[in-house]
Protein chains: 4
Amino acid sequence: RRFPTVADLAAQARRRTPRFAYDFVAGGVGDDHGLARNRQALDAVQIVPRYGIDLRGVSTETTLFGRGYALPVGVAPMGLAGLLWPDADEAIAAAAQRARIPYVMSTVANSSIERIARIAPDVFWYQLYSVPENDHAVSLDLIRRAQAAGAHALVLTMDVPVRSKRVRDVRNGLVVPFRPTLRTAWDVARAPLWALAMLRRGQPRFRNFEPYLGPEASTGDLAGFVYQKMTGPLTWESVARFRDAWRGPLVVKGILHPDDADKAVSLGADGILVSNHGGRQFDAAPAAIDALPPIEERVRGRATVLVDGAMVSGLDLLRARKRGAAAAFAGRAFLMAYAAAGADGLDHVVRLFTEEFRTALIQSGTPFHDPVS
Amino acid sequence: RRFPTVADLAAQARRRTPRFAYDFVAGGVGDDHGLARNRQALDAVQIVPRYGIDLRGVSTETTLFGRGYALPVGVAPMGLAGLLWPDADEAIAAAAQRARIPYVMSTVANSSIERIARIAPDVFWYQLYSVPENDHAVSLDLIRRAQAAGAHALVLTMDVPVRSKRVRDVRNGLVVPFRPTLRTAWDVARAPLWALAMLRRGQPRFRNFEPYLGPEASTGDLAGFVYQKMTGPLTWESVARFRDAWRGPLVVKGILHPDDADKAVSLGADGILVSNHGGRQFDAAPAAIDALPPIEERVRGRATVLVDGAMVSGLDLLRARKRGAAAAFAGRAFLMAYAAAGADGLDHVVRLFTEEFRTALIQSGTPFHDPVS
Amino acid sequence: RRFPTVADLAAQARRRTPRFAYDFVAGGVGDDHGLARNRQALDAVQIVPRYGIDLRGVSTETTLFGRGYALPVGVAPMGLAGLLWPDADEAIAAAAQRARIPYVMSTVANSSIERIARIAPDVFWYQLYSVPENDHAVSLDLIRRAQAAGAHALVLTMDVPVRSKRVRDVRNGLVVPFRPTLRTAWDVARAPLWALAMLRRGQPRFRNFEPYLGPEASTGDLAGFVYQKMTGPLTWESVARFRDAWRGPLVVKGILHPDDADKAVSLGADGILVSNHGGRQFDAAPAAIDALPPIEERVRGRATVLVDGAMVSGLDLLRARKRGAAAAFAGRAFLMAYAAAGADGLDHVVRLFTEEFRTALIQSGTPFHDPVS
Amino acid sequence: RRFPTVADLAAQARRRTPRFAYDFVAGGVGDDHGLARNRQALDAVQIVPRYGIDLRGVSTETTLFGRGYALPVGVAPMGLAGLLWPDADEAIAAAAQRARIPYVMSTVANSSIERIARIAPDVFWYQLYSVPENDHAVSLDLIRRAQAAGAHALVLTMDVPVRSKRVRDVRNGLVVPFRPTLRTAWDVARAPLWALAMLRRGQPRFRNFEPYLGPEASTGDLAGFVYQKMTGPLTWESVARFRDAWRGPLVVKGILHPDDADKAVSLGADGILVSNHGGRQFDAAPAAIDALPPIEERVRGRATVLVDGAMVSGLDLLRARKRGAAAAFAGRAFLMAYAAAGADGLDHVVRLFTEEFRTALIQSGTPFHDPVS
Ligand SMILES: Cc1cc2nc3c(=O)[nH]c(=O)nc-3n(C[C@H](O)[C@H](O)[C@H](O)COP(=O)(O)O)c2cc1C
Ligand SMILES: Cc1cc2nc3c(=O)[nH]c(=O)nc-3n(C[C@H](O)[C@H](O)[C@H](O)COP(=O)(O)O)c2cc1C
Ligand SMILES: Cc1cc2nc3c(=O)[nH]c(=O)nc-3n(C[C@H](O)[C@H](O)[C@H](O)COP(=O)(O)O)c2cc1C
Ligand SMILES: Cc1cc2nc3c(=O)[nH]c(=O)nc-3n(C[C@H](O)[C@H](O)[C@H](O)COP(=O)(O)O)c2cc1C
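For clarity, every value in this text was computed on a predicted model and none was experimentally measured.

A. Here's a closer look at the overall build of chain A. In terms of helices and strands, chain A carries 16 helices and 10 strands. Dimensions of chain A along its principal axes, counting C-alpha atoms only, are 60 × 50 × 40 Å. In chain A, buried positions account for 62% of the 373 residues. For chain A, the exposed area adds up to about 13,700 Å²; of that, 53% sits on carbon and sulfur atoms. Considering chain A, the positive charge centre built from 46 side chains and the negative charge centre built from 38 side chains are found 4 Å apart.

Listed below in structure tokens is the structure:
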């Protein structure tokens, strides 16, 4: 196998894509301390294995909010994924459907709720960034569409109260308005396959907003809408309102403080996705895996706890489970795999997670009891 | 933006200036451990963010000693700043005035109390190094002039009881008397814009002492005066005396021990500026940000606590606030910005601090209550 | 001497062997964190020396399970050692016999129980990987043969319930089935002495299984048998059964949890070999030397505790003893020595261990009381 | 000044001397962990400075065993110092005499007790390695000669119960018997000034043993005597005997355990020199500066505590004092200074220690009370 680890896939993705696109995905906020902390904290989780028992028959089947999935890992929501490689959202959703693992679609994906629902009917979750204007008219319509399309869970991302400053994006000129420079051109020239794919498929569009801007809305119009209208924090008031609007499992994402977890549960959340947004929002944030145990302790029995951040192996999934999560989510691992090797890359990364997680389970002697959710 | 971070500005400053000048500003004492500790300790300050609240309306207005400032950051006093780039003091003071943030003028600045007071009337603070000779005649006259010029606060720097050994300065020949070497010449040749600016504006002079040396005093005479007369520790006896002489807020700078903070307050200090002098005086000193909490606890309610050392981002300002400081000060960040890009650089660094601090506040969910001072 | 340390021997081994062979031996599982942890944890063991006593007459004679050995170090079992250099097993066994230190033969060695027993009659221990098929017919026969051949102790390796993923092996194509690539060929070309030796001696065969596959079994047949039949965990039930089948000292290897150690002893084990399998099975496993003290405390007086992992010097042996082990085992140190310099290399590494251990004992002022076993 | 720090002197020494000589001095035992620990532990000693007091009048005069010295630093004993540069012992002794700091002569120095006593009458201490043969006839004669020559203190080094293995020396062929190789020759060729000085002054001889081998003893005979006769631990029995034989202050060197310190004091020692022999004897030994506090606590009021290991600045001396030592000793700092710049280098390093220590004292606000000794 050419890609024995996710790191190999990421290295290949780096070779095939222009730097500004790769950096947009790989980078964090500020000095990337929050990003680095996620990985270091995972590496520091030691597990004392137990032997002498036979776990080969172990099933990794995972029940989340009453639905069965094949593995305790899902795809974390990623906006503008199409920048790294065209059609990323749909390809990843299809792979998740094949693999029977949750796929969380971002509001700012480059596909639409309706298309993803068709591609990934059994594993489709929807992540909302709200559009406060007009008393949340668009937000509520997005929820309505997700419900209509059959999304299993609604994920409310709390940790983007304000746009964060990604230093690499600024350096690369990847800011609004986008100003290509000589170096941008050079970067693109060095990634001819990417350029070709972009030419053929067109620039990534924020398709979820097409209904609200009329049929002729340009890619730039959609970007402008997102940039201008989709701002501000998701407040607890909104959480309460969206809870009312949504019939089904509600997950609150981006939580790091036990009090916030508690608050979310008291407002009716069914799940807490502990996350520092992959180190992309707040450089002083603790590692998600370190924030997890006190949160799990606080809401135990009342909500399902999930976690994301720097998950790149089956062993990481086991670490997440050992620290109290029912399942983990991964973002970059999937997107890099797709940019590296397309749909095959996606099936490969799923296989990596599956085999490695099974191996880690058996090796560690950890019996796999599906936690109540 | 060409300079997304202060590090980018410093890198540009390094390119534009001769090495001995850059090193003089960037370096610390001994092996730079105290310098490194400041940065490492800040990076280690994690903050668990809180979400679900709307802080977009947050004001960063900061009241210090009864006067309002735009942001909880000020310019720390820097002597011989003109060596890095001509007219640094006046340019920085003007920028501070535009930005409405405190500007602390050093006794050994390359401008005069009277000129700075005219340039920065609303934000002018004055930092005193004492001249013990003649029963502190010059020290007291400097205080008198600062008072007459309308300085808002007087800052007494305690942490220079003796000249420290800056290894890089010794290596670069930047000692008294200054002995240019072949390498010095080469350094200057590599920084032609700097050399030109120096030629046009003349060597930096310690202008505050011109009144005491008569109208014809040369630049060397002034340097000699500073080197010979401005020596020895600022004792508690002198603090008491200067307290009597000064009507207005008094800040004691360079404190790292709670007992010293207590002593200063008991002698009438209104503020404590916790600092290890940017790592320039004592290589075994703890990081300022680590020394801060016990000091704040000791003098809480009796004095305003400030801090400086390695502050380069709005997130650092938030860290300072979280650890108990009413405001932070930055030295090198401003000076590097000026050497990198002149007045524009200064406005830019203020913008960086402002935007990043606002972002950090909102992102962290920290409501901003102006601490009593 | 050309090789003052084991690191020098390993460097030489690296030069003389193809990369895939060297990596197979040197590498660990996943990201090599468990491997690195072993070394770092040993380096962190400080020992406060005691002086003023005369220990020059100290004997390093070590009694294990009633038999005397020259030094508290033995050779850990290593499968497929013949890949690094032909005839490694027999050469190392002979060196162990000369040196009077325990030699643990692996089930998947490239020699046979009967040959090793003849070469190393006084120091022969046998390590079992079980073949569950036919109610453990082969496993029990291997035990019978080891008993018949006069093995002193039987070692049951618990920590391979599943095949682990060695990333370097995957990268090097060292997987089943083995697929040589251009790079493999190039690697071999760069190690002509190795290639010659391989040509002369033939590919390494899993000789212990020849009796079960008939006289004409090819090297590939034997590999296939091992790959397909020797799978699955060694369960506590099997431990109990093998305990019944084996008359003599029984050691359980690969234990990291005190409860597992306790379980093994309750089932009749005489010794516990604390090990994380040289970092080759579970990347999140703690360092063996760190797992040792609580295990020793738990089974003290009931079983002899042994340890392995990254032992490369006499000082490491002292560290193992200070942490509670009666003796330590080393794997790679011996194999690298052989690949570096043949039988001379083996005698040399024994001399290094002997002299350094004696020196460390005397230097540290640690009297050497042979622990009861 | 060309050498602002001891590191600059060491770098120059490295340039002027052959590698085997430099390595012999700079290196430690094993993997140099004990060596590195000394430096890291010193760097980790933070000191919270106190301000507002005037310590400019501070005297650094240090009383040790009733005699006054100029500074709390002395020269640690170094054997075969003449290998780094001819006449090192006598030059360093002379510099110590000029500077009024203790000079501890090694038994295996390349000068004689009588010559050093003449060169450094006021600061001469003598360090004994014992020669057990003939009921310590030579040991006792060395003590007698030191007494007759007027040595102020006798230092018994406890931490060489056995020869240690210095890996770099083995690599460089610096073993007994010395076998020059091509590389040795090349090393010497690259250090022509060193070679010339050696030619002029002759190879370094262990002059203290000339009386015992007769007038015609060759350099090799003396080395052989040292190698063969000067072996084995210095036992507590010998300490008691040497205590009886010596009238004057007795210092026991190389102690790291409080119980050993206690034992030494109970046998009549006046001083304890806490040391891990500069990392040259036991790689697992703790840093001397870390071992110091519990030892000082144990013998406080009963003995004077001294420390050595990696002392290279006046700040390090302050650290030693803060941790409880009456004075510190430095070895390599002096020897490197001599190899770098001869007698001037020695005066320079004394000046560095003096100025830096004064500066550190004043800067830290530490009043200097000479501890009772
Ligand atoms: C390119 C990219 C875009 C992202 N967009 C979103 C988003 O639209 N909504 C959201 O809730 N999180 C978003 N995230 C955060 C991820 O959902 C997730 O929290 C994070 O990436 C997990 O870390 P990992 O990528 O290291 O696995 C994004 C992350 C990346 C890398
Ligand atoms: C070039 C330079 C000159 C300085 N001169 C003075 C001074 O004259 N008076 C003073 O109180 N502090 C002086 N300081 C210390 C600063 O006020 C401040 O404590 C320190 O620089 C803060 O760290 P930062 O530069 O990393 O922000 C100086 C610092 C620098 C870098
Ligand atoms: C090449 C190689 C093969 C191994 N094969 C076996 C084996 O067949 N059975 C076993 O119990 N352990 C096996 N091990 C693990 C060793 O017995 C031992 O636990 C480990 O190597 C100790 O670490 P060290 O090599 O750093 O000394 C093997 C190790 C290596 C390096
Ligand atoms: C080249 C060299 C020779 C030494 N010889 C002796 C010796 O003969 N007797 C002794 O007690 N210590 C000896 N030591 C140890 C020193 O006395 C001292 O403990 C150590 O060097 C202190 O560390 P420093 O060199 O880093 O300052 C020697 C050290 C060196 C570097």
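B. Broad picture of the confidence of the model for chain A. Looking at chain A as a whole, the pLDDT averages 95, with 98% of positions reaching at least 70. We note a pTM of 0.96 for the whole complex and an ipTM of 0.96 for its interfaces.

C. Structural view of the pairing of strand S8 (residues 271-274) of chain D. Residues and elements named next belong to chain D. Alternating residues of S8 divide into Gly271 and Leu273 and Ile272 and Val274, and every residue in both groups is buried. Pairing analysis gives 4 bridges linking strand S7 (residues 250-255) to S8, with the strands arranged parallel. Looking across to S8, one finds that Lys253 is bridged to Leu273. A crossover links S7 with its parallel partner S8, the connecting element being helix H13 (residues 258-266), and its sense is right-handed. Examined bridge by bridge, S8 and strand S9 (residues 304-308) share 4 bridges and lie parallel to one another. Residue pairing across strands places Ile272 opposite Val305, the latter belonging to S9. Handedness of the crossover joining S8 and S9 through helix H14 (residues 288-299) is recorded here as right-handed.

D. Up close: the relation of the copies chain B and chain D. Note on the identical chains: chain B maps onto chain D by a rotation of 90° and an axial translation of 0.0 Å, with an RMSD of 0.0 Å. These values place the two chain copies in the arrangement generated by a four-fold rotation axis.

E. Structural detail: the side chain of Asp308 of chain C. Residues and elements named next belong to chain C. One can find Asp308 in strand S9 (residues 304-308). As a buried residue without a salt bridge, Asp308 has its nearest oppositely charged side chain in Lys253, at a separation of 4.1 Å. A polar atom in the side chain of Asp308 sits 2.6 Å from the side chain of Ser275.

F. Structural view of the site of ligand 1. All names here are of chain A. Neighbouring ligand 1 are 22 residues, the closest being Pro77, Ser106, Thr157, Asp308 and Arg332. Here Ala310 contributes a backbone N or O atom positioned 3.0 Å from an oxygen atom of ligand 1. A distance of 2.9 Å separates an oxygen atom of ligand 1 from a polar atom in the backbone of Gly331. In isolation ligand 1 offers 590 Å² of accessible surface; the protein chains occlude 96% of this area. A class-by-class count of the residues in the shell around ligand 1 yields 9 nonpolar, 9 polar and 4 charged.

G. The interface of chain D and chain C, seen in detail. Taken residue by residue, the interface counts 30 residues in chain D and 26 residues in chain C. Overall, the association of chain D and chain C removes approximately 2,400 Å² of surface from exposure, summing both partners, and the carbon and sulfur fraction of that is 59%. Taken together, the connections running from chain D to chain C amount to 4 salt bridges. The shortest N-O distance in the salt bridge between Arg50 of chain C and Asp260 of chain D comes to 2.9 Å. Summed over the shared surface of chain D and chain C, the number is 11 residue pairs in polar contact (both at pLDDT 80 or more). For the side of chain D that touches chain C, the elements supplying multiple residues, two or more each, are helix H3 (33-43), helix H7 (167-171) and H13 of chain D. Counting residues per element, the side of chain D that touches chain C draws most heavily on H7 of chain D, which supplies 3 residues. Across the side of chain D that touches chain C, the residue classes break down as 14 nonpolar, 7 polar and 9 charged.

H. Region of the structure containing the interface of chain B and chain D. With 31 residues of chain B at the contact, the number on the chain D side is 26 residues. Buried surface at the junction of chain B and chain D, both sides included, amounts to about 2,400 Å², of which 59% is carbon and sulfur. For the chain B face of the interface with chain D, the top three residues by lost area are Lys165, Phe282 and Ala284 of chain B, together amounting to 24%. The tally of links from chain B across to chain D stands at 3 salt bridges.

I. Just unusual backbone geometry, in detail. A positive phi angle is found at His277 of chain A, which is not glycine, with a value near 60°. The topology assignment puts His277 of chain A in the loop between strand S8 (271-274) and helix H14 (288-299). His277 of chain A gets classed as buried once you look at its relative accessible area, which sits at 13%. Positive phi outside glycine occurs at Asp32 of chain C, with the angle close to 60°. Relative to the helices and strands, Asp32 of chain C is located in the loop between helix H2 (19-26) and helix H3 (33-44). Overall, the relative accessible area of 17% leaves Asp32 of chain C in the buried class.

J. View of the site of ligand 3. All names here are of chain C. As a structural note, the neighbourhood of ligand 3 is formed by 22 residues, with Pro77, Ser106, Thr157, Asp308 and Arg332 the closest of them. One nitrogen or oxygen atom from the side chain of Ser106 is found 2.7 Å from an oxygen atom belonging to ligand 3. Separating an oxygen atom of ligand 3 from a backbone N or O atom of Gly331 is a distance of 2.8 Å. Protein chains bury 96% of the 600 Å² of accessible surface belonging to ligand 3 in isolation. When its residues are assigned to classes, the shell around ligand 3 shows 9 nonpolar, 9 polar and 4 charged.

K. How the structure looks around the environment of Glu216 of chain B. Take Glu216 of chain B: it is sitting in the loop between helix H10 (210-213) and helix H11 (219-229). Taking the C-alpha atoms as reference points, Glu216 of chain B and Ile362 of chain B, 146 residues apart in sequence, are found 55 Å from one another.

L. Summary view of helix H16 (residues 332-364) of chain A. All names here are of chain A. The end-to-end C-alpha separation of H16 is 26 Å, well short of the 48 Å expected for 33 residues at 1.5 Å each. Helix geometry: H16 is bent most strongly at Ala341, by close to 135°. Phi turns positive, to about 70°, at Gly365, one or two residues after H16.

M. Fine view of the pattern of salt bridges. Counted by the stated rule, this structure contains 103 salt bridges over all chains. Across the pair Arg241 of chain C and Asp135 of chain C runs a salt bridge whose closest N-O atoms are separated by 2.9 Å. Linking Arg241 of chain C in helix H12 (residues 236-245) with Asp135 of chain C in helix H6 (residues 133-149), this pair joins segments that are 106 residues apart in sequence. What makes Asp135 of chain C exposed here is its relative accessible area of 55%. Put simply, Asp87 of chain D and Arg201 of chain D hold a salt bridge, and the shortest N to O gap is 2.9 Å. Here Arg201 of chain D lies in helix H9 (residues 192-201) and Asp87 of chain D lies in the loop between strand S3 (73-75) and helix H4 (88-99), a separation of 114 residues in the sequence. Within this structure, Arg19, Asp23, Asp32 and Arg168 of chain A form a network of salt bridges that share partners.

N. Molecular detail of the side chain of His277 of chain B. Polar side-chain contacts of His277 of chain B include one of 2.8 Å to the side chain of Asp159 of chain B. If sequence neighbours within four positions are ignored, His277 of chain B has contacts with Tyr129, Thr157, Asp159, Val160 and Lys253 of chain B.

O. Representation of the packing of aromatic side chains within the structure. Inspection of the entire model under this criterion finds 28 aromatic pairs over all chains. Their ring planes at 55° and their centres at 5.5 Å tell us that Trp125 of chain B and Phe329 of chain B sit as a pair that is tilted. One end of the pair, Trp125 of chain B, is in strand S5 (residues 124-128); the other, Phe329 of chain B, is in strand S10 (residues 327-330), and 204 residues separate them in sequence. Across this residue pair, the class does not change: Trp125 of chain B and Phe329 of chain B are buried. An aromatic cluster is defined as three or more aromatic residues linked by ring pairs; in this entry it consists of Phe65, Tyr69, Trp125 and Phe329 of chain A. One cation-aromatic arrangement involves Arg16 of chain B over Trp85 of chain B; the distance from NZ or CZ to the ring centre is 4.5 Å. Lying over the aromatic face of Phe24 of chain C, Arg280 of chain C brings its terminal NZ or CZ to 5.1 Å of the ring centre.

Parameters at a glance
Residues numbered from 1 in each chain as written. Chains lettered and ligands numbered in written order. Predicted model: local features only at pLDDT ≥ 70, side-chain atom pairs only at ≥ 80, totals over all residues. Heavy atoms only, no water. Helix = DSSP H or I, 4+ residues; strand = E, 2+ residues; numbered from the N terminus. Buried < 20%, exposed > 50% of the residue type's maximum accessible area, 1.4 Å probe, protein only. Areas by Shrake-Rupley, 256 points an atom, 1.4 Å probe, with all protein chains shown as cover. Lys, Arg positive; Asp, Glu negative; His and termini not counted. Charge placed at Lys NZ, Arg CZ, Asp CG, Glu CD. pLDDT = per-residue confidence, 0-100. Pairing = 2+ DSSP bridges. Right-handed = clockwise from strand over helix to strand, strands pointing away. Least-squares fit on C-alpha atoms with pLDDT ≥ 70 in both. Salt bridge = Lys/Arg side-chain N within 4 Å of Asp/Glu carboxyl O. Polar contact = N/O pair within 3.5 Å; in protein donor to acceptor, adjacent residues only side chain to side chain. Near = heavy atom within 4 Å. Nonpolar A, V, L, I, M, F, W, Y, C, P; charged D, E, K, R; others polar. Contact = heavy atoms within 4.5 Å. Buried area = accessible area lost by both parts, 1.4 Å probe. Expected span 1.5 Å × (residues − 1). Bend = angle between axes of the 7 residues up to and from the residue. Phe/Tyr/Trp six-rings, centres within 6.5 Å; stacked < 30°, edge-to-face > 60°. Lys NZ or Arg CZ within 6 Å of the ring centre and 35° of its normal.

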